[in-house]
Amino acid sequence: MSRDPQGPLRYHFDFRPEHFARRCQFVTKRSHDFAGQPFFCRYDRISTSFSRTLTPQLQDLMEVATAAYLADRFAPRRHPERSEQSVPMNRRIRLSLPVRLPNLWKRRPAQLLGDLMFCLAADEWEFTFTATAAEAALPQQSYLLDVSPEREAAVMLFSGGLDSYAGAVRQLCDPDQFHVLVSGYTHNRMAAEQVAQSKILFEGRRQLGHHVAVPYGMPAKVAGIRLESSQRSRSLIHLSIGALTALSLGRRDFSIYENGIGALNLPFDASQSGWEVSRAVHPKVLSLMEELIGEITGEPFQIRTPFLFSTKAESIVGAEMMRYCHGIRHTFSCDRFPNYRERRRQCGVCSSCVLRRLALEIAGFRNAEPADEYAYDITAHGFVPHPSAAFVLDKFDAQTHRLRQCLDSEQPWLEVSRLFPELREVEFLLANRKTGVKDIEASLLSLYARHIGEWSNFSGPAALQRYLCAA
């Protein structure tokens, strides 16, 4: 047990097929341990949708990802007895969990998992694997014959966000493939919006594909236990759902439609670091996930990101998007979705909402959804934001200002990469035999130049000026 009250919070989780226990290995006045927390992940919906028998490797992948997600949720960054006063701290999380192929996971996959979780959550993670007892293993449906779609399958993650909806619109333009839209969800409102979008996309053309939804989470949680709200490991479970679907259909790839500004997600300033910056679909995370899948399946795997060098506005333009723009109102972007506090679909003032409003306005879809679906309408004439909303707008404005100064310099890439050193890693991750380093540099500089131009033409910054004048 750690005796340092200011040191990292140490959690140990012991997983079983349908429940888990937690031990807090740091100084507390009373025990915060518990046992028997139930959970579920209905990934069998993927196999039953296509009458596919899942391999032990794929079953293990999905259950390991589910365990990591739950451990992250049940390992709050604030001390449980000083949660209102203490600042978030680093964590050391140890998981003991059963798998069907423990010898496989004990090798390179365990190291990759640790690297992946550090990249996502900026904490130290340790995985210990044991053999699943035959009597304790969750039953899986087996099929005598696999049922294959008549056309080649194309799999994409379908989150319910604006980017994924636009990606689905674009992908469904190809009639020669069977398009599988796969979603994960933790609550019914999210599931309902995903279904509503898929019905719009497939209306009158059901033969084009199929939507598969995988629920996961907890039927109930232990009373009095605070959960970690950042949920950085949620990406791992969604990426695993995408991989499981693709591999079960004989594909060695799937697509994620996330714009480049959101995927790279540069910090607003030096005060943001580690877990405070989401890296859900960052190229480093995707590269580690590709390697992990390759290690457990024995074959290379690719996660495609068609919108990586597009702004959010650019990702939603096009004639087909005009045709299906009535589905935009069913998409959700808000960091606090579903927004129970203000009882609106989107809060309107978190960074994700601001980027959404920017994209819709610049792409010509400002009226694609009612303005009153936002708790705060930053684009409304005369709207004066409250301080926290003005803070977010100021962060966007300051970041674009600093980027503009870099791009206007004599050596723009040198200055941008000095300001955001993480772009150096992105540069080398994306470079390959077909696309050289210089081409990646040019693409990234162009991406941010276009983003700056869009911000300059957006009505949102005017709200910031009204706040500054009122202050």
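Our structure is the block above this text.
Residues numbered from 1 in each chain as written. Predicted model: local features only at pLDDT ≥ 70, side-chain atom pairs only at ≥ 80, totals over all residues. Heavy atoms only, no water.

Trainee: For the overall build of the chain, give the residues involved together with the corresponding values.
Mentor: The helix and strand tally for the chain stands at 17 helices and eleven strands. A principal-axis box enclosing the C-alpha atoms of the chain has dimensions of 65 × 60 × 45 Å. By element, 50% of the accessible surface of the chain is carried by carbon and sulfur atoms, the whole surface being about 20,900 Å². (Helix = DSSP H or I, 4+ residues; strand = E, 2+ residues; numbered from the N terminus. Areas by Shrake-Rupley, 256 points an atom, 1.4 Å probe, with all protein chains shown as cover.)

Trainee: Explain helix α15 (residues 422-430) residue by residue, including any values.
Mentor: The α-helix advances 3.6 residues per turn, and as a result positions three or four apart in sequence lie on the same side. Among all positions of α15, only L423, V426 and E427 are buried. One face of α15 carries all of its buried residues, which in axial projection span an arc of 105 degrees. The secondary structure elements touched by the buried residues of α15 are α8 (260-264), α9 (283-297), α14 (412-419) and α16 (437-456). (Buried < 20%, exposed > 50% of the residue type's maximum accessible area, 1.4 Å probe, protein only. Arc of directions from axis to C-beta. Contact = heavy atoms within 4.5 Å.)

Trainee: Requested: an account of the packing of aromatic side chains, with residues and values cited.
Mentor: If you walk through the whole model with that rule in mind, you get 20 aromatic pairs. With centroids separated by 5.0 Å and ring planes inclined at 65 degrees, the aromatic side chains of F268 and F396 adopt a geometry described as edge-to-face. Of this pair, F268 sits in the loop between α8 and α9 while F396 sits in helix α13 (residues 387-407), placing them 128 residues apart in sequence. Clustering of aromatic rings is evident, with ring pairs tying together Y11, F13, F15, F20, F26, F34, F39 and F74. Over the aromatic face of Y374 sits the side chain of R357, whose NZ or CZ is 4.0 Å from the ring centroid. (Phe/Tyr/Trp six-rings, centres within 6.5 Å; stacked < 30°, edge-to-face > 60°. Lys NZ or Arg CZ within 6 Å of the ring centre and 35° of its normal.)

Trainee: For the nonpolar core, give the residues involved together with the corresponding values.
Mentor: If you look at the biggest cluster of nonpolar residues, it comprises 120 residues, and the most contacted ones within it are F13, L95 and F254. No other element matches the ten residues that helix α2 (residues 56-73) contributes to this core. When sequence neighbours within four positions are dropped, the list of residues in contact with L95 reads F13, F15, A67, A68, A71, W125, E126, F127 and T128. Counting 26 residues, the second largest nonpolar core, distinct from the first, contains L162, A166, L181 and I316. (Core = buried A, V, L, I, M, F, W, Y, C linked by side-chain atoms within 4.5 Å.)

Trainee: Residue-level account of the sheet that holds strand β5 (residues 91-99), with values.
Mentor: In space, the five strands of this open sheet follow the order β3-β2-β1-β5-β6, with mixed pairing throughout. The strands lining the two open edges of the sheet, one partner per strand, are β3 (34-38) and β6 (124-131). Across the sheet, the axes of successive neighbouring strands diverge by a mean angle of 20 degrees, strand direction being ignored. Sheet topology places strand β2 (residues 19-24) next to β3; three bridges connect them, and they run antiparallel. Its bridge partner lying in β3, F20 is registered against Q37. Sitting on the sheet, α2 is in contact with β1 (9-15), β2, β5 and β6, with an inclination near 150 degrees to β5. Relative to β6, helix α4 (residues 108-121) is tilted by about 145 degrees, and along the sheet it contacts β5 and β6. (Pairing = 2+ DSSP bridges. Axes fitted to C-alpha atoms, helices over the stretch in contact; angles between N-to-C directions.)

Trainee: How would you sum up unusual backbone geometry? Please name residues and give values.
Mentor: Phi is positive for A122, close to 60 degrees, though the residue is something other than glycine. The topology assignment puts A122 in the loop between α4 and β6. Of note in the backbone geometry, Q231 takes a positive phi value of approximately 55 degrees without being a glycine. Residue Q231 is classed as buried on the basis of its relative accessible area, which comes to 17%.

Trainee: Please provide a residue-by-residue account of the pattern of salt bridges, values included.
Mentor: As enumerated under the stated definition, the model contains 27 salt bridges in all. Here R424 ties to E427 by a salt bridge, and the two come within 3.6 Å at their closest N and O atoms. Of this pair, R424 and E427 both sit in helix α15, three residues apart, roughly one helical turn. Among the residues examined, E427 registers a relative accessible area of 1% and is labelled buried. When salt bridges that share partners are traced, they join D72, R77, R91, D123 and E228 into one network. (Salt bridge = Lys/Arg side-chain N within 4 Å of Asp/Glu carboxyl O.)

Trainee: Any details on the environment of E454? Residues and values, ideally.
Mentor: In this structure, E454 sits in helix α16. A relative accessible area of 10% places E454 in the buried class. Expressed as a C-alpha distance, the spacing of E454 and R418, which sit 36 residues apart in the sequence, is 23 Å. The contact partners of E454, leaving out residues within four places of it in the chain, are T311, A313, E314, L358 and I362. Here T311 takes part through its side chain, which lies 2.7 Å from a polar atom of the side chain of E454. (Polar contact = N/O pair within 3.5 Å; in protein donor to acceptor, adjacent residues only side chain to side chain.)

Interpretation note: all reported values are geometric properties and have no functional meaning in isolation.
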